[in-house]
Amino acid sequence: MTHETRRPVDTGDPDRLYTVTGGRSRADHDSFDLVTLIVSECAPTRGTQSEHRAILDLCRHPTAVVEISAELRLPVTVVRILLGDLRATGRITARHPRVARSASALPEPALLKEVLHGLRNL
C-alpha cells in the first residue's frame, strides 16, 4: 500500500503556476474572498485555457473560491487571478455572501430549529 504525501494548498510547481497566471502574482482586484460564490455564465469554448475550463465546469452551481482552490489543487492566489480573467470576459459572476446587518435581521431560533428538525426527518 502506498501513501500519498499531501502538500498544503498554497504550494505548487512555481514554473507551472507562472505559466497558468501568465506571470502575474496578484489579482487586479481583491474582490474574491474565500467564501465568495462563483457561478459560470457560459460553457467553456474551444481554446479555453484548461484551468479556466475547469473553473467554468466546476462552477455550474455556486461554488466558493476556497472550494475551487481545493478542487483544482491550486493556491488561492492563483485561483483569484484566474477568476479575475473570467470575470473580465463576462464568463463568471461573483456572489458575495449576505451579512446580517443586525441580530434582528437573522431568522428566529425557533424557525431554525424547525428547519433542522425537518432536515433530519428527510
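*Asks:* Hey, could you run me through the overall build of the chain in this one?
*Replies:* Secondary structure assignment for the chain yields five helices and three strands. What you see in the chain, going N to C, is helices and strands ordered as α-β-α-β-α-α-β-α. Evaluated residue by residue, the chain yields a buried proportion of 26% over its 122 residues. Excluding contacts between residues fewer than 6 apart, the proportion of contacts in the chain whose partners are at least 24 apart in sequence is 70%.

*Asks:* What is the right way to read the side chain of Thr63 from this model?
*Replies:* For Thr63, the location among the structural elements is in strand E2 (residues 63-64). At 3.3 Å, the side chain of Thr63 and the backbone oxygen of Leu58 are in polar contact. Dropping the residues within four chain positions of it, Thr63 is found in contact with Thr36, Leu37, Ile38, Leu58 and Ile68.

*Asks:* What's the story with the sheet that holds strand E3 (residues 92-95) in this structure? I'm lost.
*Replies:* Two modes of strand pairing occur in sheets, parallel and antiparallel, and in both the strands are linked by backbone hydrogen bonds. Spatially, three strands are ordered E2-E1-E3 in an open sheet, and the strand pairing comes out antiparallel. Edge strands, defined here as strands with exactly one partner in the open sheet, are E2 and E3.

*Asks:* Any chance you could explain the side chain of Arg91 here in plain terms?
*Replies:* Relative to the helices and strands, Arg91 is located in the loop between helix H4 (76-88) and E3. Not counting residues within four places of it along the chain, the set of residues in contact with Arg91 comprises Val39, Ser40, Glu41, Cys42, Thr48, His52, Leu56 and Leu86.

*Asks:* So what exactly am I meant to see when it comes to helix H5 (residues 109-120) here?
*Replies:* Every α-helix winds through 3.6 residues per turn, so residues three or four apart in the chain are directed the same way. Here H5 spans 16 Å end to end across twelve residues, near enough to the 16 Å set by a 1.5 Å rise per residue. Within H5, only zero of the twelve residues are buried, leaving the element largely exposed.

*Asks:* For this particular structure, what's the right way to read the environment of His96?
*Replies:* Structurally, the position occupied by His96 is in the loop between E3 and H5. Owing to a relative accessible area of 44%, His96 belongs among the partly exposed residues under this scheme. Those residues within four positions of His96 in sequence are excluded, and the remaining contacts are Ser31 and Thr36. Here the side chain of His96 touches Thr36 through a polar contact of 3.2 Å, side chain to side chain.

*Asks:* Any chance you could explain the environment of Ile81 here in plain terms?
*Replies:* On the secondary structure map, Ile81 appears in helix H4. Sequence-wise, Ile81 and Phe32 are 49 residues apart; in three dimensions their C-alpha atoms are separated by 9.5 Å.

*Asks:* What's the story with unusual backbone geometry in this structure? I'm lost.
*Replies:* Outside of glycine, negative phi angles account for most residues, and trans bonds account for most peptide bonds. Of note in this structure, Arg73 is not a glycine but carries a positive phi near 55°. In this fold, Arg73 is placed in the loop between helix H3 (65-72) and H4. Arg73 gets classed as exposed once you look at its relative accessible area, which sits at 62%.

*Asks:* Please clarify how the nonpolar core should be interpreted in this entry.
*Replies:* Burial of nonpolar side chains together is a common tendency in soluble globular proteins. Within the largest apolar cluster, 15 residues are counted, with the highest numbers of intra-cluster contacts made by Ile38, Ile55, Val65, Ile68, Leu83 and Ile92. When residues of this core are traced back to their parent elements, those giving at least two are helix H2 (50-58), H3 and H4. Discounting residues that sit within four places of it in the chain, Ile68 has contacts with Ile38, Ile55, Leu58, Cys59, Thr63, Val79 and Leu83.

Conventions used here
- Residues numbered from 1 in each chain as written.
- Predicted model: local features only at pLDDT ≥ 70, side-chain atom pairs only at ≥ 80, totals over all residues.
- Heavy atoms only, no water.
- Helix = DSSP H or I, 4+ residues; strand = E, 2+ residues; numbered from the N terminus.
- Buried < 20%, exposed > 50% of the residue type's maximum accessible area, 1.4 Å probe, protein only.
- Contact = heavy atoms within 4.5 Å.
- Polar contact = N/O pair within 3.5 Å; in protein donor to acceptor, adjacent residues only side chain to side chain.
- Pairing = 2+ DSSP bridges.
- Expected span 1.5 Å × (residues − 1).
- Core = buried A, V, L, I, M, F, W, Y, C linked by side-chain atoms within 4.5 Å.

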